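Working through the structure, step by step
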Amino acid sequence: QVQLVESGGGLVQAGGSLRLSCSVSGRTFGSYTVGWFRQAPGKEREFVAAINWSVGNTDYADSVKGRFTISRDNAKNTVYLQMNSLKPEDTAVYYCAARIPGSGYVFDPRYYPYWGQGTQVTVSS
């Protein structure tokens, strides 16, 4: 099993920044992808960004390109999501998730078997 724990959420004004962290532990396979997803009330869970742990390739949703940056720290087994220029529409519960690369679409949450508990991000206008 792989365990993921998110932290760093909170309340911020529009235009502000937050950095989310996802600590990964447990059974780790040689190469895996960690993704960030978010879910607002009444909406489906949507893809935000993903990073291939070993290669470092990244993917982003169009809605966050240029504002959010995903990165990882191998020594700390942690993935970060730096969120800048936040907008009220970024308000959601943010989840990190892990999967084996190549096992389906990187932006589809159905292909991620491991999930954290989520952290709330609220952006006020």
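Rules behind the numbers
- Residues numbered from 1 in each chain as written.
- Predicted model: local features only at pLDDT ≥ 70, side-chain atom pairs only at ≥ 80, totals over all residues.
- Heavy atoms only, no water.
- Helix = DSSP H or I, 4+ residues; strand = E, 2+ residues; numbered from the N terminus.
- Rg over C-alpha atoms; globule rule 2.2 N^0.38 Å.
- Buried < 20%, exposed > 50% of the residue type's maximum accessible area, 1.4 Å probe, protein only.
- Contact = heavy atoms within 4.5 Å.
- Areas by Shrake-Rupley, 256 points an atom, 1.4 Å probe, with all protein chains shown as cover.
- Phe/Tyr/Trp six-rings, centres within 6.5 Å; stacked < 30°, edge-to-face > 60°.

Attention shifts here to the overall build of the chain. Along the backbone of the chain there are zero helices and eleven strands. Ordered by position from N to C terminus, the α and β elements of the chain give β-β-β-β-β-β-β-β-β-β-β. In terms of overall size, the chain behaves like a compact globule, its C-alpha atoms giving a radius of gyration of 14 Å where 125 residues would be expected to give roughly 14 Å. Overall, the chain is about 45 × 30 × 25 Å in size when its C-alpha atoms are taken along their principal axes. Each of the 125 residues in the chain was classed as buried or not, and the buried ones make up 43%. Put simply, 55% of the contacts in the chain that link residues at least 6 apart link residues at least 24 apart. Of the roughly 6300 Å² of accessible surface on the chain, a fraction of 47% belongs to carbon and sulfur atoms.

Here the focus is the packing of aromatic side chains. Throughout the structure, instances matching the rule amount to seven aromatic pairs. When the centroid spacing of 5.4 Å and the interplanar angle of 20 degrees are considered together, the rings of Tyr-32 and Trp-53 count as stacked. Highlighted residues: Tyr-32 in the loop between strand S3 (18–26) and strand S4 (33–39) and Trp-53 in the loop between strand S5 (46–52) and strand S6 (58–60), separated in sequence by 21 residues. Note on accessibility: Tyr-32 and Trp-53 belong to one class, buried. An angle of 20 degrees between the planes, with centres 5.3 Å apart, marks the rings of Tyr-105 and Phe-107 as stacked. According to the relative accessible area criterion, Tyr-105 is exposed, its value standing at 53%. By relative accessible area, which is 47% here, Phe-107 ends up partly exposed.

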